[in-house]
Amino acid sequence: MDKTGEVSIRSNQWQRVLRWHLGQKANEEGEDGVKDEGNTYLGLKLKVNWKELVVDPAEQFYYVWLQVMILPIVYNWVIIILRTCFTAIALNYLPVWLTLDYLSDLMYITDMIITLHTGYLDQGILIKDLTQLRKRYLHSKHFLRDLASLLPTDFLYFAFGIETPLVRINRLLRLPRLNEALDRMETRTSYPNTFRISKLMIYIFVLIHWNACLYFALSNYIGFGSDRWVYPNVTNAQFASMRRQYFYCFWFSAQIFTTVGDTPLPSREEEYLFMIADLLIAVLVFASIVGNVGNVITSLRDRDNVFFPNHELVKAYLRSHHISKELRQRIDNWYQHLHINKKIMRENEILQQLPVHMRTEIAVSVHLPTLSKVTIFQSCEKSLLEELVLKLTPQVFSPGEYVCRKGDVGHEMYIIKEGKLAVVADDGVTEFAVLSEGNFFGEISILNIKGNKSGNRRTANIRSIGYSDLFSLSKEDLTDVLSEFPAAKRHLEEKGRQILTKMGMLEESGEAAEGEAEKVETKIKRLESNLEVLQTKLARLMVEFESSNRKMRARVEQLELEVAALETQLPEDGDEGDGALGREEGVGGEVEWEREEAEGEEEEEEGLNIKVKKQGRGEDGNDVPKEGDGESTKSTKEDAERIVERDKSGLKGTDNWEKKKKDDGETNRERGDDRPGKGDGAEIELENGKKENSESRESEEKRQEEEDS
Ligand SMILES: Nc1ncnc2c1ncn2[C@@H]1O[C@@H]2COP(=O)(O)O[C@H]2[C@H]1O
């Protein structure tokens, strides 16, 4: 199984390498082809449609191609000026130069084709459509620059002669491609500081080289050996060789740029101008060397400071607080141990800038070997381990140091990555057990194990025997993780219980008490929920009672009003028909106003009013004094208003309840349920009211009939 797996992984890698050879289309077919037959690769290679090849700029091929492109660009930057100024060098190696020239041109052309087929990201998606790629490249300024760098200026050789390679100066325009390649390398390299310094040195070398070439050309122009400043006479055998010519000029130029050593004083204006320009450039070169090297040193120190805590500051602090020599020595040893063994304490801080999933992957690959040695985590799901690794904090303990002491409050548990620790008695000598790599401890006091007599206190002293490398996991983090993985929690608790039982620190009745406590808790919860239901019912009943009470009161008040109105009306009935009518109207108005209060009872109320009027006339027949009439009517109206006001304010307290009832009813109706809902008390009330009214009306009518007869 393993072997087959390995083979398939390897073949996958090959398939990926093939992808950029075969192009996107051929790739799909190619995968099957490669699987099926060994010879298919060759067949597919012939089928490759190179025109449709699209390069992903994030892939290895593009990176490798950029590195290859460094060669022709650097070649042109170094050789064109050399051949221009050192004619002897140009002519002596002409076939070599011409070959290299056209080879570099070929690479420039290939580079343009590859750029044309390089996809780009649009909203995070790689664009592979060749028409779009072509359009984008051909409309960009890069294309113009690339085209300019490839113009066949070599035809100018016919005009100026083969010894003037300066005609190829346009080849230098490809410099941005070199920068791109170097930038990519800088992000990929594992040694960015070394890379930066090397890059700087190469730039300076090219600058000195150019200056050397120009110095030789200027000397040639002024006349070799005409003064002390220029290049000595080339007819002199000592300075005749091409190598000597170049090295002398390079040395002279390097002297100026590094401002080290004595250069001969210039004697002609041209020489002065050359020296002035060189010295100005030299200042910049010098400054950039110092600056860059300074940066590298600072970044190296910063890296160390991030990896390891700043010892200098701690030392200064300890000195200023007159800490004992012995303790200072221990602290020094601790730092020394970290540095020598490259123990990184602040990895969480260092990886902070990465997205969580990447941090998890790193943490998993770094810490999983340790976690997988821990027995309880061996059987755990991968997701639990992934959650755990991000929460682990590395800690290093020195020899003899106590990690925890019996009786302390526990805040974290520990996993041993490396080292040995002893569970020791209070005398610090008797060892109960020795814990080593892959063991864990400190879980008992943070797990709230039922029946644990020591509660949240440490049950033992743990002392580091030598240097020990631990991971600590805080109580909160552990609780968080375990809440989602109950099996792991049970496992941990079981181990804790075993230790506690051995130590006799687990209450026997702990389990039973736990069960009892659970039962009581369940009962309490049930009672509480019952109580809630009862309270709700009571509140509903209260509201219903309140509502019917209010209505009854309103009805009584209304009847009283009407009776009073009739009483005042009766004596005038015979004399002033109109006035009586007016009053009747007035009372009717009041009654109407009352009616609005009594919800949904209009018809019944009207019926009642008529009956009351009849009854009033029939029963009484007494003359009610006219004077008192007005007053009584007025006071009755005021009373009624007061009552209604009171009722209204009484209503307010129950408004929410009424509203809830209505809402409930509406919800039911929305559900298509026409039955009265939980909150349909009002409707029920209304129906009850109607029933009562019709009953009272019937009894009223009966009474009337009896009286009439
Ligand atoms: N006899 C023992 N063997 C191994 N580990 C122990 C023993 N006694 C205590 N421990 C561990 O030491 C830890 C001390 O802190 P805790 O009580 O939180 O949890 C304890 C256990 O994890």
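Residues numbered from 1 in each chain as written. Predicted model: local features only at pLDDT ≥ 70, side-chain atom pairs only at ≥ 80, totals over all residues. Heavy atoms only, no water.

Engineer: In this structure, what is going on with the pattern of salt bridges? I would like to understand it.
Structural biologist: Side chains that carry opposite charge are capable of pairing whenever their charged atoms lie near each other. Overall, the coordinates contain 20 salt bridges when judged by the stated rule. With its nearest N and O atoms 2.9 Å apart, the salt bridge here joins R171 to D105. Of this pair, R171 sits in the loop between α8 (157-160) and α9 (175-188) while D105 sits in helix α5 (residues 94-116), placing them 66 residues apart in sequence. Among the residues examined, R171 registers a relative accessible area of 1% and is labelled buried. According to the relative accessible area criterion, D105 is buried, its value standing at 8%. Here K495 and E443 are joined by a salt bridge, their closest N and O atoms 3.5 Å apart. Here K495 is found in helix α20 (residues 486-503), whereas its partner E443 is found in the loop between β8 (440-441) and β9 (461-464), with 52 residues between them in sequence. The exposure class of K495 is partly exposed, given its relative accessible area of 25%. Looking at E443, the relative accessible area reads 2%, which means it is buried. One network of salt bridges, in which partners are shared, links R83, D101, D105, D154, R168 and R171. (Salt bridge = Lys/Arg side-chain N within 4 Å of Asp/Glu carboxyl O. Helix = DSSP H or I, 4+ residues; strand = E, 2+ residues; numbered from the N terminus. Buried < 20%, exposed > 50% of the residue type's maximum accessible area, 1.4 Å probe, protein only.)

Engineer: Would you mind going over the environment of G400 with me for this structure?
Structural biologist: Among the secondary structure elements, G400 is positioned in the loop between β3 (393-397) and β4 (402-404). Between the C-alpha atoms of G400 and I465, which are 65 residues apart in sequence, the distance is 5.6 Å. The contacts of G400, once residues within four sequence positions are left out, are R463, S464 and I465. (Contact = heavy atoms within 4.5 Å.)

Engineer: How should I be thinking about the site of the ligand in this particular structure?
Structural biologist: Around the ligand sit 13 residues, and of these G442, E443, S445, R458 and T459 come closest. Interatomic distance of 2.9 Å between a backbone N/O atom of G442 and an oxygen atom of the ligand. For the shell around the ligand, the class distribution of residues is eight nonpolar, three polar and two charged. (Near = heavy atom within 4 Å. Polar contact = N/O pair within 3.5 Å; in protein donor to acceptor, adjacent residues only side chain to side chain. Nonpolar A, V, L, I, M, F, W, Y, C, P; charged D, E, K, R; others polar.)

Engineer: Would you explain the side chain of E493 in this entry?
Structural biologist: Examined against the element boundaries, E493 turns out to sit in helix α20. With near-sequence residues (within four places) excluded, E493 lies in contact with L447 and I449.

Engineer: Even after reading the chapter, I still don't get the sheet that holds β3, so can you show me in this structure?
Structural biologist: Strand pairs in the sheet, formed through backbone hydrogen bonds, run parallel or antiparallel to each other. Strand order in this open sheet of four strands is β3-β10-β5-β8, and the pairing throughout is antiparallel. The two strands at the open ends of the sheet, each matched to only one other strand, are β3 and β8. As paired elements, strand β5 (residues 412-418) and β8 share two bridges and run antiparallel to each other. Residue I415 lies in a different strand from β8, and its bridge partner there is F440. (Pairing = 2+ DSSP bridges.)

Engineer: How should I be thinking about the sheet that holds β4 in this particular structure?
Structural biologist: Here four strands make up an open sheet; going across it, the order is β4-β9-β6-β7 and the pairing antiparallel. The sheet is open, and its two borders are formed by β4 and β7 (431-435), each paired with just one other strand. Taking each pair of neighbouring strands and ignoring which way they run, the sheet shows an average axis angle of 30 degrees. (Axes fitted to C-alpha atoms, helices over the stretch in contact; angles between N-to-C directions.)

Engineer: Which parts of the structure should I look at to understand the packing of aromatic side chains?
Structural biologist: Any pair of aromatic rings gets described here by the distance separating the centres and the angle formed by the planes. Counted under the stated rule, the structure contains 24 aromatic pairs. On the basis of an interplanar angle of 80 degrees and a centroid distance of 5.8 Å, the ring pair of F224 and Y231 is categorised as edge-to-face. There is no split in this pair, since F224 and Y231 are both buried. Both rings, one in Y246 and one in F250, keep their centres 5.9 Å apart while their planes meet at 40 degrees; by these two values the pair is tilted. Here F250 and Y246 lie together in helix α11 (residues 242-258), a separation of four residues that amounts to about one turn. (Phe/Tyr/Trp six-rings, centres within 6.5 Å; stacked < 30°, edge-to-face > 60°.)

Engineer: Got a minute to help me understand the UniProt feature "transmembrane region" (unreviewed entry) in the protein in this structure?
Structural biologist: With numbering matched to this structure, UniProt assigns "transmembrane region" (unreviewed entry) to residues 73-94, 106-127, 200-222 and 272-293. Regarding residues 200-222, the helix share stands at 100% and the strand share at 0%, and the terminal C-alpha atoms are separated by 33 Å. The span residues 272-293 carries 100% helix and 0% strand; its end-to-end C-alpha distance comes to 31 Å. (UniProt positions renumbered as here; feature names shortened; annotations may be inferred.)

Engineer: I'm lost on the packing of helix α19 (residues 475-484) against α20 in this one. Help?
Structural biologist: The relative placement of two packed helices is expressed as an angle between their axes plus a distance between the axes. Between α19 and α20, the least distance of the axes is 5 Å, while the angle of their chain directions is 120 degrees. Taken as axis vectors, α19 and α20 run oblique relative to one another. For the pair α19 and α20, the contacting residues are L478, L482 and E484 in the first and P486, A488, K489 and L492 in the second. Taken together, the residues of the contact of α19 with α20 break down into five nonpolar, no polar and two charged. (Parallel < 35°, antiparallel > 145°, perpendicular 65-115°, else oblique.)

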